[in-house]
Amino acid sequence: MPGASVPPRLIATDLDGTLLHSGGTVSERTVAALAAAERAGIEVFFVTGRPARWMDAVSDHVHGHGLAICGNGAAVVDLHGGPGAHRFVKVRALELDDALDVVRLLRDAAPGTVYAIEQTYGFHQEPEYPKLHMEVPDTLTPAEKILAPDGIGGAEPVLKILAYHAELDPDAFLTLARLAIGDRATVTRSSPSALLEISAAGVSKASTLALCCAERGISHEEVVAFGDMPNDIEMLTWAGRSYAMGNAHPDVLAAASDHTAGNDEDGVAQVIEQLLAEREQRRER
């Protein structure tokens with residue numbers, strides 16, 4: 001197994017479908033495993049497509065352990081202060097000109113596409129965009145108006161564009177969008193529906209995780225990563241050791257160096273417990 005002989009210094013785990021149970025909770029076993037990893041000197045990063053503004057709920061679940069790479073790499077948030085006290089460590093925003101181009105290109109390639117705009121704190125969507133998210137949007141406005149130079153999108157950084165299509169197959173929509181947008185932005189998906197997540201060019205879970213590791217002097221071989229959906233694939237192939245969840249998308253199962261149990265069976269906790277047991281065995285030799 002690649003990286004198996006290298007002691008881990010950082011654990012990077014996706015949230016939905018990976019660390020969290022299907023009901024959106026984190027088990028006591030998983031919280032205990034995360035705490036044990038941090039006590040052993042292993043950093044914990046939550047690497048998620050979720051926006052930074054949802055991190056209060058996550059930090060409550062995980063008892064303030066770790067840092068979060070949010071919006072598929074668009075922002076890094078420190079959770080250690082607990083709910084209400086998280087702070088932005090890094091922001092990798094999508095420039096307004098690029099965001100406008102993305103909206104136009106994809107609208108031309110896939111008529112019927114509707115959008116929502118994620119910012120550091122704000123959330124805006126078009127009137128036709130379905131109710132897919134937990135909160136009420138700040139505004140209901142066409143994306144072109146949100147992202148115009150004098151629009152509300154200029155008030156704070158744009159982290160991610162969400163593009164939804166009611167009729168296209170999810171994987172087909174992803175392929176079409178990548179062809180239409182090219183290198184103008186990064187396009188991925190984590191939803192079972194035809195919902196795409198669009199970030200700045202070069203921004204992904206993997207690229208932001210790599211930046212954070214470089215700042216800490218941690219090599220990719222010292223990283224253990226977990227995921228379940230296509231937006232995790234680059235991170236899983238970058239990490240020295242990677243685990244696809246038992247419930248993962250087929251492409252993720254093929255990309256990871258190893259597999260673990262599903263999210264509802266605490267697959268992440270099972271691997272962390274094993275890693276810590278191996279670490280203890282090495283010390284006793």
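The shown structure was predicted, so the numbers you read here are calculated from the model rather than taken from an experiment.

Parameters and conventions
Residues numbered from 1 in each chain as written. Predicted model: local features only at pLDDT ≥ 70, side-chain atom pairs only at ≥ 80, totals over all residues. Heavy atoms only, no water. Buried < 20%, exposed > 50% of the residue type's maximum accessible area, 1.4 Å probe, protein only. Helix = DSSP H or I, 4+ residues; strand = E, 2+ residues; numbered from the N terminus. Pairing = 2+ DSSP bridges. Disulfide = S-S within 2.5 Å. Lys, Arg positive; Asp, Glu negative; His and termini not counted. Salt bridge = Lys/Arg side-chain N within 4 Å of Asp/Glu carboxyl O. Contact = heavy atoms within 4.5 Å. Axes fitted to C-alpha atoms, helices over the stretch in contact; angles between N-to-C directions.

Trainee: Explanation requested: the pairing of strand β9 (residues 158-164) in the structure shown.
Mentor: Looking along a regular strand, one sees side chains alternate from face to face of the sheet. In terms of burial, β9 is a largely internal element, 7 of the 7 residues being buried. Two strands pair when backbone bridges link them, and strand β6 (residues 114-119) and β9 are joined in this way by 6 bridges, in the antiparallel orientation. Residue Tyr115 lies in a different strand from β9, and its bridge partner there is Ala163. Sheet analysis places β9 next to strand β11 (residues 195-200), joined by 4 bridges and oriented antiparallel. Each residue of the ladder has a partner; that of Ala163, found in β11, is Leu196.

Trainee: What exactly am I supposed to notice about the state of the cysteines here?
Mentor: Each disulfide is one covalent bond, formed between the sulfur atoms of two cysteines. Applying the stated criterion across every chain, the model contains 0 disulfides. Cysteine Cys70 shares no disulfide, and the gap to the nearest cysteine sulfur, in Cys212, comes to 11 Å. Taking the relative accessible area as the measure of exposure, Cys70 reaches 1% and is therefore buried.

Trainee: Mind showing me how you'd approach the side chain of Arg279 here?
Mentor: Relative to the elements of secondary structure, Arg279 occurs in helix α10 (residues 267-284). One buried charged residue, Arg279, forms no salt bridge at all, with the nearest opposite charge on Glu280 at 6.6 Å. The contacts of Arg279, once residues within four sequence positions are left out, are Pro8, Ala40 and Ile42.

Trainee: Please clarify how the sheet that holds strand β8 (residues 139-140) should be interpreted in this entry.
Mentor: Neighbouring strands of a sheet are bound in pairs by backbone hydrogen bonds; such pairs are parallel or else antiparallel. An order of β8-β7-β6-β9-β11-β10 is seen for the 6 strands of this open sheet, with the pairing classed as mixed. With partners counted over all chains shown, the strands left at the sheet margins are β8 and β10 (185-188), one partner each. Contacting β6, β9, β10 and β11, helix α4 (residues 96-109) runs over the sheet at an angle of about 5 degrees to β9. Lying on the sheet, helix α6 (residues 170-181) is in contact with β9, β10 and β11; it crosses β10 at an angle near 170 degrees.

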